[in-house]
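# Coordinate inspection notes
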Amino acid sequence: MAWLYILGKQLEIRLRPFRYIIFILLSAAVTNTGQYLISGPNFIGFSGVICAMLMFIWERQKHAPWEGYQIQKSTFKFMMIFIFGMAALQLFAFLMELATGSTLATSIANGAHVIGLFFGW
């Protein structure tokens, strides 16, 4: 939730409170619906919204630098490696589960993360 403060502060200042709340509600609806369709109802979290914020800020920083969004390239790369690394581990666990029948899958909402990135983009 520290990312909510770091990224959300930038968004709230520039989008103003009403549009910021709309951004959060829309990204939450899209990412959580997507995760529900992928894995069913057994998940909870705000990370899909954080991923949407991350990508939105990254894209605004590149395409509209005068708006003043700030995120370091190294921070963005770390987050992308982490998000897609976790998704790759989840995919590996799923494939191993199919092959061996043993349960290796973790309870991480990777679908919400990736959907959040596309929503923010």
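Scroll up to find the structure.
Keep in mind the model is a prediction, meaning the values are calculated, not measured. (Residues numbered from 1 in each chain as written. Predicted model: local features only at pLDDT ≥ 70, side-chain atom pairs only at ≥ 80, totals over all residues. Heavy atoms only, no water.)

## A look at the pattern of salt bridges
- Under the defined criterion, the tally for this structure stands at 2 salt bridges.
- For the salt bridge of E59 with K62, the shortest nitrogen-to-oxygen distance reads 3.4 Å. Here K62 and E59 lie together in helix α2 (residues 47-63), a separation of 3 residues that amounts to about one turn.
- Residue class for K62 comes out partly exposed when judged on its relative accessible area of 47%.
- In this structure, the salt-bridge partner of R60 is E67, at a minimum N-O distance of 2.4 Å.
- Overall, R60 belongs to the partly exposed group, its relative accessible area being 26%.
- According to the relative accessible area criterion, E67 is partly exposed, its value standing at 29%. (Salt bridge = Lys/Arg side-chain N within 4 Å of Asp/Glu carboxyl O. Helix = DSSP H or I, 4+ residues; strand = E, 2+ residues; numbered from the N terminus. Buried < 20%, exposed > 50% of the residue type's maximum accessible area, 1.4 Å probe, protein only.)

## Focus on helix α3 (residues 73-100)
- Between its first and last C-alpha atoms α3 spans 40 Å; for 28 residues at 1.5 Å apiece the expected length is 40 Å, and the two agree.
- If you check which residues of α3 are buried, you get F76, M79, M80, I83 and A93.
- Of the surrounding secondary structure, the elements contacted by the buried residues of α3 are α1 (2-39), α2 and α4 (110-120).
- Count one or two residues on from α3 and you reach G101, which has phi positive near 85°. (Expected span 1.5 Å × (residues − 1). Contact = heavy atoms within 4.5 Å.)

## Structural notes on the packing of aromatic side chains
- A complete count under the given rule lists 6 aromatic pairs for this structure.
- On the basis of an interplanar angle of 5° and a centroid distance of 4.1 Å, the ring pair of W58 and F76 is categorised as stacked. Of this pair, W58 sits in helix α2 while F76 sits in helix α3, placing them 18 residues apart in sequence. Here the two residues W58 and F76 agree in accessibility, since each one is buried.
- The interplanar angle of 65° and the centroid separation of 6.3 Å between the aromatic rings of F118 and W121 together place this pair among those described as edge-to-face. You'll find F118 and W121 in the same group, each marked exposed.
- An aromatic cluster is built from F23, F56, Y69 and F119, whose rings are joined through pairwise contacts.
- For the cation-ring pair, R14 lies above Y69, with the distance from its terminal atom to the ring centre recorded as 4.9 Å. (Phe/Tyr/Trp six-rings, centres within 6.5 Å; stacked < 30°, edge-to-face > 60°. Lys NZ or Arg CZ within 6 Å of the ring centre and 35° of its normal.)

## Structural notes on a nonpolar patch on the surface
- On the surface, a nonpolar cluster with roughly 520 Å² of combined accessible area is contributed by F18, I21, I22, L25 and L26.
- With respect to the element layout, F18 can be found in helix α1.
- A residue is classified by how much of its surface remains accessible, and F18, at 64% relative accessible area, is exposed. (Patch = residues over 30% accessible without salt bridge, like charges linked within 9 Å, V, L, I, M, F, W, Y side chains within 5 Å. Areas by Shrake-Rupley, 256 points an atom, 1.4 Å probe, with all protein chains shown as cover.)

## Some remarks on unusual backbone geometry
- In this structure, R16 is a non-glycine residue whose phi angle is positive, near 75°.
- Residue placement: R16 occurs in helix α1.

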